[in-house]
Each structure stands twice: as structure tokens, then as C-alpha cells.
Amino acid sequence: MPCRLRREVSDAPYTASRLAHDAGVSVHIVRDYVLRGLLRPARRTQSGHRLYDDHALERLRFVRTLFEAGVGLDELTRLCHALDGGGDAIEFLLCLRAQLAARRAALDVLDGHLEQMISAIGADTAKESARA
């Protein structure tokens, strides 16, 4: 029963494995991000185990989403450093928005090509069916 109560409390600390699970990533990613400075534990236990909070979970999800959108780890490291007070966070965020807008435009072009290919294949298939 105590474990169940602990999980229901929103401010209960996360272990690395629980943080990884709740963010949908592997523990290896959590450890790598900690080493790179993308994540920081909220505190440590007396035995030295790292514990994370809700802020770390939000940060992990945010960073992972940016990574999956094509932002590199070096750039994410600089961004997190800036967000943590070590630089101009607004400049980094504006730059990321510009990169995402360019990527979105490139994906729209790619989507248009795919749509044309689907239409062309569909037209060819309709012609072949009409001949048969």
C-alpha cells in the first residue's frame, strides 16, 4: 500500500528509471542527458542516488521532442545551459523556432510530392483496371 500512495503524490521524487518510464525513453537516455547537462537531479539520497522532480520530467519531454524534431544534442546542450541562466535563452528559442519553421516548410514540400505520387499511382492503377 505505501508504494501506491507514493505514486499518487504528484511531487514524489522520480528515480532515473521511473523518470525514463514516464517520459517514454530509456534509462540510458536519462543518464546521457544528465552527463551532458540537459537534466539535473533535484536532489540525492543519502546513498547518492539521484532523484528527479516534475520539472525534470517536463524538461526531459521537452528536450526529447526537440531532439525528435531534428535538433542536435550539442544545440540542445547549449539551449539548456541558456535556459538554466548561462546565456541568452530568448535568442536560442527564436533560433529554434526559425529552424522548426524551415523544417515544417520542407516537410510540407515533401508531403506535396508524396500526394502527387499517390495521385499518379492511383491514376495508373485506374487505367489498368479500365483496360482489363
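If you're wondering where the values come from, they're calculated on a predicted model, not measured in any experiment.

What counts, and at which threshold
Residues numbered from 1 in each chain as written. Predicted model: local features only at pLDDT ≥ 70, side-chain atom pairs only at ≥ 80, totals over all residues. Heavy atoms only, no water. Helix = DSSP H or I, 4+ residues; strand = E, 2+ residues; numbered from the N terminus. Expected span 1.5 Å × (residues − 1). Buried < 20%, exposed > 50% of the residue type's maximum accessible area, 1.4 Å probe, protein only. Contact = heavy atoms within 4.5 Å. Salt bridge = Lys/Arg side-chain N within 4 Å of Asp/Glu carboxyl O. Axes fitted to C-alpha atoms, helices over the stretch in contact; angles between N-to-C directions. Parallel < 35°, antiparallel > 145°, perpendicular 65-115°, else oblique. Nonpolar A, V, L, I, M, F, W, Y, C, P; charged D, E, K, R; others polar. Patch = residues over 30% accessible without salt bridge, like charges linked within 9 Å, V, L, I, M, F, W, Y side chains within 5 Å. Areas by Shrake-Rupley, 256 points an atom, 1.4 Å probe, with all protein chains shown as cover. Core = buried A, V, L, I, M, F, W, Y, C linked by side-chain atoms within 4.5 Å. pLDDT = per-residue confidence, 0-100.

*Asks:* With reference to specific residues and values, describe helix α5 (residues 73-86).
*Replies:* With 14 residues, α5 ought to run about 20 Å at 1.5 Å a step, yet its terminal C-alpha atoms sit only 17 Å apart, falling short of that. All of the buried residues along α5 are Leu73, Glu75, Leu76, Leu79, Cys80 and Ala82. Taken together, the buried residues of α5 touch α3 (27-36), α4 (54-68) and α6 (89-131).

*Asks:* I'd like to hear about the pattern of salt bridges, residue by residue, with values.
*Replies:* For the structure on display, the rule yields five salt bridges. One salt bridge connects Asp22 with Arg18, and the closest N-O pair in it is separated by 3.7 Å. Here Arg18 and Asp22 lie together in helix α2 (residues 16-23), a separation of four residues that amounts to about one turn. The partner of Asp84 in a salt bridge is Arg59, and the shortest N-O contact between them spans 2.7 Å. In this pair, Asp84 sits in helix α5 while Arg59 sits in helix α4, placing the two residues 25 residues apart along the sequence. What makes Asp84 partly exposed here is its relative accessible area of 35%. Through salt bridges with shared partners, a single network forms among Arg40, Arg59 and Asp84.

*Asks:* Provide a residue-level description of the packing of α3 against α4, including the pertinent values.
*Replies:* Contact pair α3 / α4: the axes reach a minimum separation of 12 Å and the direction vectors enclose 95°. In terms of their interaxial angle, α3 and α4 are classed as roughly perpendicular. Where α3 abuts α4, its residues Ile29, Val30 and Tyr33 lie against Leu60, Val63, Arg64 and Phe67. In the contact of α3 with α4, the residues fall into six nonpolar, no polar and one charged.

*Asks:* Describe in detail a nonpolar patch on the surface, supporting the description with residues and values.
*Replies:* Taken together, the side chains of Leu107, Leu110, Leu114, Met117 and Ile121 present a nonpolar region at the surface, about 480 Å² in accessible area. Inspection of the secondary structure assignment puts Leu107 in helix α6. Owing to a relative accessible area of 46%, Leu107 belongs among the partly exposed residues under this scheme.

*Asks:* Give a detailed account of the nonpolar core, specifying residues and quantitative values.
*Replies:* One finds Leu19, Val30, Tyr33, Tyr52 and Leu60 to be the most contacted residues of the largest nonpolar core, which totals 24 residues. With five residues, α4 is the single largest residue contributor to this core. Every residue in contact with Leu19, bar those within four places of it in the chain, is listed here: Tyr14, Val30, Leu39, Tyr52, Ala56, Leu57 and Leu60.

*Asks:* Report on the environment of Arg97, specifying residues and quantitative values.
*Replies:* Summarising the element assignment, Arg97 is placed in helix α6. Judged by relative accessible area, which is 63%, Arg97 ranks as exposed.

*Asks:* Outline the confidence of the model for the chain, listing residues and values.
*Replies:* Considering every residue of the chain, the mean pLDDT works out to 87; 90% of them sit at 70 or more. Looking across the chain, the model is least confident in helix α1 (residues 2-8), with a mean pLDDT of 39, and most confident in α3, with 96. Residue range residues 1-9 is modelled with pLDDT below 50. Its contacts to residues more than four positions away, or to other chains, number three contacts.

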